[in-house]
Amino acid sequence: MNNFRRVPLLAVLALVLVVVGILSSTATSVDPSQLPSALALNGHAESTALYCTGFSSDKLGESGRVILLNTTARSHEVTIDHVSNLGVAISQEMTLRAYQQYGFDPSVGVRGDFFGVGAQVSGGGVVGVEVTKDHTSEAPCISTGITNWFAAGFDTTVGSSAILSVYNPTETPAVFNVSTFSSSGYVAPQRFQGYAVAAHSQAEIDLGTEIVDLSDVGVHVRVLRGTLDIVGLQKSGPTVSYNTGVEQALTTAIFPLVTTANNATAQIRFSNPGPTPANVTLKVTLAKYHVPNQTLTVPPYGSAVASITPNPAIPVAGYASVAMTSSQPVIPALATGTGNDVALSAPTSPEPEYLVGDFTGRGFDAATLTNTSSRSISIDVTTLRGATSHPAQLRLAGDSTESVRSLDPALADLRGVVMIVNASRPTLLVALTLPTRPAGMTVVSGLDGR
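These numbers were taken from a predicted model, which means no experiment stands behind them.

## Brief notes about the overall build of the chain
Consideration 1: Helix and strand counts for the chain stand at 3 helices and 33 strands.
Consideration 2: By the burial criterion, 55% of the 450 residues in the chain qualify as buried.
Consideration 3: Look at the contacts in the chain between residues 6 or more apart in sequence, and 79% of them connect residues 24 or more apart.
Consideration 4: Surface accessibility of the chain: about 18,500 Å² in total, with carbon and sulfur atoms responsible for 53%.

The structure is reproduced here in structure tokens:
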């Protein structure tokens with residue numbers, strides 16, 4: 001101790017600075033776009049919660065179902081609360097057996113037009129996902145409410161509707177403001193300010209009532225009191241999609257599966273929530289081809305679109321990986337479809353653990369693993385079948401995207417699959433597309449716990 005005290009203070013400070021510098025240089029900066037985790041697969045919590053929103057009655061054309069999945073070898077008691085925008089609520093209790101799935105329509109038996117769900121689970125290891133009626137989109141349920149929410153790409157033009165589905169999972173009323181960014185600039189409609197949602201209640205914001213006949217609309221929901229579960233519902237023609245959004249605007253993002261198929265439309269849509277122009281660069285990686293970087297500027301409080309397909313600089317060659325960097329934080333979204341019939345999907349952040357499940361029963365057209373760091377990682381894949389599990393181990397090089405099928409031939413048949421994917425470090429993205437024609441119209445993420 002006495003010897004240590006004789007070390008000059010400047011030397012100690014210098015040593016501290018060196019250590020901090022080394023740690024900073026080895027850290028990877030990642031935008032925290034991820035919403036609150038519900039993926040407690042290995043947790044030993046006494047109880048957990050799942051919250052899901054974004055459902056309508058059949059007559060409104062945006063109906064869907066919730067699927068609860070028990071990833072553990074023991075049973076769990078679950079209490080499910082269904083609520084509507086009319087303040088009507090019903091509750092049911094059930095036992096979810098080992099590895100069991102349970103699906104239900106939140107609107108059944110509940111009077112109203114829009115619906116939310118809260119599920120209280122005894123223990124951990126149960127996850128939830130919501131699926132649209134026609135299997136055109138999926139979104140994970142989340143474990144706790146949030147106070148900031150951003151999303152981009154909404155369309156209120158003729159034949160389309162854009163609705164924010166809002167569920168208050170808490171015991172107290174919540175209050176929030178909604179502002180938008182588009183070709184009309186910054187707009188904060190008076191009727192969307194100080195909007196209140198009662199405890200354990202459901203509400204909807206129809207963007208088209210104030211943001212009329214516009215495409216590529218960005219949204220910011222700022223919660224003034226309480227916390228909320230928020231999902232954007234985009235209906236374009238017959239296609240309904242969930243836009244799960246992000247918790248803050250981003251300077252980096254990766255879209256690992258962007259279609260370049262004939263007759264397809266694939267766009268990266270951007271909104272700028274700030275007062276400074278954002279210069280965006282898109283690095284497009286496409287097998288066997290060198291594609292020049294795509295660049296664009298998103299004006300302050302405005303929006304812009306980068307077309308990936310069709311694009312004369314980008315060949316028709318399956319799926320491309322698109323990595324975004326921006327000089328200012330922006331809100332990105334992937335829009336895929338044919339013509340004006342598009343579906344929206346939000347970017348996700350790297351995580352150490354995912355669950356991939358064939359919740360539609362149709363399998364997947366594509367499934368990829370992306371390592372967002374420069375160092376290779378090891379990946380453990382555990383496939384659940386009935387009451388048993390089958391492990392496999394993979395290796396993924398740095399800064400690479402690989403097909404799940406190419407990494408492990410045993411995973412070639414993804415129909416009916418349920419698998420847990422664990423990475424050695426939190427630098428993994430899992431991306432999936434459902435079978436569509438043309439390919440790549442429905443992009444979903446692995447259950448990353450949002």
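## A word on the pattern of salt bridges
Consideration 1: Counted under the stated rule, the structure contains 2 salt bridges.
Consideration 2: Between Asp58 and Lys133 there is a salt bridge, with the nearest N and O atoms lying 3.7 Å from each other. Taken together, the residues Asp58 in the loop between strand 1 (47-56) and strand 2 (64-70) and Lys133 in the loop between strand 7 (126-132) and strand 8 (138-140) connect sequence positions 75 residues apart.
Consideration 3: Note that Glu210 and Arg191 form a salt bridge whose closest N and O atoms lie 3.5 Å from each other. In this pair, Glu210 sits in the loop between strand 14 (202-206) and strand 15 (217-225) while Arg191 sits in the loop between strand 12 (185-187) and strand 13 (195-197), placing the two residues 19 residues apart along the sequence.
Consideration 4: Since its relative accessible area comes to 34%, Glu210 is described here as partly exposed.

## Section: the packing of aromatic side chains
Consideration 1: Taken as a whole and assessed by the stated rule, the structure comprises 6 aromatic pairs.
Consideration 2: Seen from their ring centres, Tyr186 and Tyr301 are 5.7 Å apart, and the 65° between their planes marks the pair as edge-to-face. With Tyr186 in strand 12 and Tyr301 in the loop between strand 22 (294-298) and strand 23 (303-309), this residue pair connects regions lying 115 residues apart in the sequence.
Consideration 3: For Tyr186, a relative accessible area of 47% translates into the label partly exposed.
Consideration 4: Judged by relative accessible area, which is 31%, Tyr301 ranks as partly exposed.
Consideration 5: Counting every residue linked through ring pairs, the aromatic cluster contains Phe181, Tyr186 and Tyr301.

## Some points on the nonpolar core
Consideration 1: Of all hydrophobic cores here, the largest spans 32 residues; its most connected members are Ile268, Phe270, Leu282, Ile308 and Met324.
Consideration 2: Contributions of two or more residues to this core are made by strand 9 (148-154), strand 18 (250-259), strand 19 (265-271), strand 20 (278-286), strand 22, strand 23 and strand 24 (319-338).
Consideration 3: In terms of residue count, the dominant contributor to this core is strand 24 (7 residues).
Consideration 4: When residues no more than four places from it in sequence are discounted, the contact partners of Ile308 are Val258, Ala266, Gln267, Ile268, Leu282, Val284, Ile314 and Val322.

## Focus on the environment of Asp408
Consideration 1: Relative to the elements of secondary structure, Asp408 occurs in the loop between helix 3 (404-407) and strand 31 (418-423).
Consideration 2: Look at Asp408 and you get buried, because its relative accessible area is 13%.
Consideration 3: C-alpha separation for the pair Asp408 and Ala392, spaced 16 residues apart in sequence, amounts to 8.3 Å.
Consideration 4: Beyond its immediate sequence surroundings of up to four residues, Asp408 is in contact with Ala392 and Leu394.

## A closer look at the sheet that holds strand 3 (residues 76-84)
Consideration 1: Ordered by their spatial adjacency, 4 strands build an open sheet running 1-6-3-4, and the pairing between neighbours is antiparallel. Edge positions in the open sheet fall to strand 1 and strand 4 (89-96), since each of these has one partner strand only. The mean angle between the axes of side-by-side strands here comes to 20°, regardless of whether they run parallel or antiparallel.
Consideration 2: Of the pairings in the sheet, the one linking strand 3 to strand 6 (residues 114-122) comprises 7 bridges and is antiparallel in character. The residue bridging Val83 from the neighbouring strand is Gly116, located in strand 6.

## Quick look at the pairing of strand 27 (residues 366-371)
Consideration 1: Of all 6 residues in strand 27, 6 are buried, a share of seventy percent or more.
Consideration 2: The alternating pattern of strand 27 places Ala366, Thr368 and Thr370 and Ala367, Leu369 and Asn371 on opposite faces, both of which are buried.
Consideration 3: Where strand 27 and strand 30 (residues 400-403) come together, 4 bridges link them in antiparallel fashion. Paired with Thr370 across the two strands is Thr401, which belongs to strand 30.

## Some words on unusual backbone geometry
Consideration 1: The linkage connecting Thr309 with the following residue, Pro310, adopts the cis geometry, with an omega of -5°.
Consideration 2: Put simply, Arg437 and Pro438 share a cis peptide bond, and its omega is -5°.
Consideration 3: Mapped onto the elements, Pro438 comes out in the loop between strand 32 (428-433) and strand 33 (443-445).
Consideration 4: Located in the positive-phi region is Asp216, a residue other than glycine, with phi close to 55°.

## Section: the sheet that holds strand 32
In sheet architecture, strand pairing relies on hydrogen bonds along the backbone and comes in two forms, parallel and antiparallel.
Consideration 1: Spatially, 30-27-32-33 is the arrangement adopted by the 4 strands of the open sheet, whose pairing is antiparallel. With one partner strand each, in any of the chains shown, strand 30 and strand 33 form the two edges of the open sheet. Going across the sheet, the axis of each strand differs from the next one's by a mean of 25°, ignoring polarity.

## Concerning the confidence of the model for the chain
Consideration 1: Overall, the prediction assigns the chain a mean pLDDT of 88, with 87% of residues at 70 or greater.
Consideration 2: Every residue in residues 1-30 scores below 50 in pLDDT, and together they form 3 contacts with partners more than four places removed in sequence or on other chains.

Basis of the calculations
Residues numbered from 1 in each chain as written. Predicted model: local features only at pLDDT ≥ 70, side-chain atom pairs only at ≥ 80, totals over all residues. Heavy atoms only, no water. Helix = DSSP H or I, 4+ residues; strand = E, 2+ residues; numbered from the N terminus. Buried < 20%, exposed > 50% of the residue type's maximum accessible area, 1.4 Å probe, protein only. Contact = heavy atoms within 4.5 Å. Areas by Shrake-Rupley, 256 points an atom, 1.4 Å probe, with all protein chains shown as cover. Salt bridge = Lys/Arg side-chain N within 4 Å of Asp/Glu carboxyl O. Phe/Tyr/Trp six-rings, centres within 6.5 Å; stacked < 30°, edge-to-face > 60°. Core = buried A, V, L, I, M, F, W, Y, C linked by side-chain atoms within 4.5 Å. Pairing = 2+ DSSP bridges. Axes fitted to C-alpha atoms, helices over the stretch in contact; angles between N-to-C directions. pLDDT = per-residue confidence, 0-100.

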